[in-house]
Amino acid sequence: MKNIAVIGAGTMGNGIAHTFAQFGFKVQLIDISEKALAKGLATIERNLDRMVDKGTVTEEEKQQTLGNIHSHTDMKKGIEHAGLVVEAATENLELKLDIFRKLDEICPEDTILATNTSSISITKIASVTGRAEKVIGMHFMNPVPIMKLVEIIRGYSTSDETTQVVTELSEKLRKTPVEVNDYPGFVANRILMPMINESIETLYNGVAGVKEIDTVMKLGMAHPMGPLQLADFIGLDVCLSILNVMYDGFRNPKYAPCPLLVNMVAAGKLGVKSGEGFYDYSESKKAEKVAKIFA
């Protein structure tokens, strides 16, 4: 299990690849886009440079980490020797099902297939494979190299052996694995997303402004980041997708996304990744209120 493949070079994928590589695993980072791969590798190197500056890794360890990562646009070539594949593609059910169908065809029968999904049913994903006992959720938190939690989600047929292997691998990454059951949103997002959605509702209803809502939650509830700024950091499109999965799964109106969130995503205001969300990130790294939307 020293060879790991990661599908998707975006925010979560490059963070997962970075983390495995930092702890000595050989990582194949796979994406259909050469541009995405180049951007992902540049992000890993930039994050390692920050760690060198802070003294948490040495220059030699940085170079070893980078040397452990190889990139591919050919999925078959990238996963042929992997004992574990971690899918970290966009939070889209049909895309994930398509990826897992292909992985099941290509991978050796003993390869474990994990998904970094933050809300989609592991059982549903496993159903398109012929190895449901080897399909599992491995939900890392962002930023992956820093955050300690990994939600380990067992599908209906996930075996004890698969769960044990993935749990032990998480511990080798100096993460804290927590086993949870396969229901929409799991634990982290089932609690977090309604809070973010209610914060957006509070803004939508004119109770308070963006900074005021975030300040109340930071100073009053000791949150390190306000919920609206956190939503920007996660990506408003991701928040919307997770809320829709929970709403569809539970049919409970408390999970229905706020109309303001729906409109912002439709307008392309996705948060940090687009340069604008509840805050404006286009001028500087310091978040500022988007006056034209919320004045």
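Residues numbered from 1 in each chain as written. Predicted model: local features only at pLDDT ≥ 70, side-chain atom pairs only at ≥ 80, totals over all residues. Heavy atoms only, no water.

> Residues and numbers for the packing of aromatic side chains, please.
Overall, the coordinates contain three aromatic pairs when judged by the stated rule. Both rings, one in Phe-20 and one in Phe-25, keep their centres 5.2 Å apart while their planes meet at 90°; by these two values the pair is edge-to-face. Across this residue pair, the class does not change: Phe-20 and Phe-25 are buried. An aromatic cluster of at least three residues, connected via ring pairs, comprises Phe-20, Phe-25 and Phe-140. (Phe/Tyr/Trp six-rings, centres within 6.5 Å; stacked < 30°, edge-to-face > 60°. Buried < 20%, exposed > 50% of the residue type's maximum accessible area, 1.4 Å probe, protein only.)

> I'd love a proper account of the UniProt feature "domain: 3-hydroxyacyl-CoA dehydrogenase NAD binding" (unreviewed entry) in the protein, names of residues and values included.
UniProt's entry tags residues 3-182 with the feature "domain: 3-hydroxyacyl-CoA dehydrogenase NAD binding" (unreviewed entry), counted in the numbering of this structure. With 44% helix and 22% strand, the stretch residues 3-182 has end C-alpha atoms that lie 27 Å from each other. (UniProt positions renumbered as here; feature names shortened; annotations may be inferred. Helix = DSSP H or I, 4+ residues; strand = E, 2+ residues; numbered from the N terminus.)

> So what's going on with the packing of helix α8 (residues 188-204) against helix α10 (residues 227-234)? Which residues, and what values?
Contact geometry of α8 with α10 gives a least axis separation of 9 Å together with a crossing angle of 115°. In this structure, the crossing between α8 and α10 has a hand that is left-handed. From α8, Leu-192, Met-193, Met-195, Ile-196, Ser-199, Ile-200 and Leu-203 reach across to α10, where they touch Pro-227, Leu-228, Leu-230, Ala-231 and Ile-234. The class makeup of the residues in the contact of α8 with α10 is 11 nonpolar, one polar and no charged. (Axes fitted to C-alpha atoms, helices over the stretch in contact; angles between N-to-C directions. Left-handed = near helix turned anticlockwise from the far one by under 90°. Contact = heavy atoms within 4.5 Å. Nonpolar A, V, L, I, M, F, W, Y, C, P; charged D, E, K, R; others polar.)

> Before we move on, can you summarise the UniProt feature "domain: 3-hydroxyacyl-CoA dehydrogenase C-terminal" (unreviewed entry) in the protein with the specific residues and values?
UniProt records the feature "domain: 3-hydroxyacyl-CoA dehydrogenase C-terminal" (unreviewed entry) for residues 185-281 in the present numbering. Along residues 185-281, the helical share is 62% and the strand share 2%, with 28 Å between the first and last C-alpha atoms.

> How would you sum up the nonpolar core? Please name residues and give values.
The biggest cluster of nonpolar side chains holds 31 residues, and the ones touching the most others in it are Ile-16, Phe-20, Val-27, Leu-84, Val-86, Met-138 and Phe-140. With five residues, helix α1 (residues 11-22) is the single largest residue contributor to this core. Look past the residues within four positions of Phe-140 in its chain and what remains in contact with it is Met-12, Ile-16, Phe-20, Asn-116, Leu-149, Val-150 and Leu-173. Ile-200, Cys-258, Leu-261 and Tyr-281 belong to the second-largest nonpolar core, a separate cluster that totals 22 residues. (Core = buried A, V, L, I, M, F, W, Y, C linked by side-chain atoms within 4.5 Å.)

> An account of the side chain of His-72 is requested, with residue identities and associated values reported.
Turning to its location among the elements, His-72 is positioned in strand β3 (residues 69-72). A residue is classified by how much of its surface remains accessible, and His-72, at 13% relative accessible area, is buried. At 2.6 Å, the side chain of His-72 and the side chain of Gln-28 are in polar contact. Ignoring any residue separated from it by four or fewer positions in sequence, one finds His-72 in contact with Gln-28, Leu-29, Ile-30, Asp-31, Leu-37, Lys-77 and Gly-78. (Polar contact = N/O pair within 3.5 Å; in protein donor to acceptor, adjacent residues only side chain to side chain.)

> Outline the pattern of salt bridges, listing residues and values.
Taken as a whole and judged by the stated rule, the model has 11 salt bridges. Two residues, Glu-91 and Lys-96, come together in a salt bridge whose shortest N-O distance is 3.7 Å. Taken as a pair, Glu-91 and Lys-96 share a single burial class, namely buried. Note that Lys-269 is salt-bridged to Glu-276, the shortest N-O span being 3.6 Å. Note on Glu-276: relative accessible area 12%, which makes it buried. Several salt bridges share partner residues, and in doing so they unite Glu-45, Asp-49, Glu-59 and Lys-62 into one network. (Salt bridge = Lys/Arg side-chain N within 4 Å of Asp/Glu carboxyl O.)

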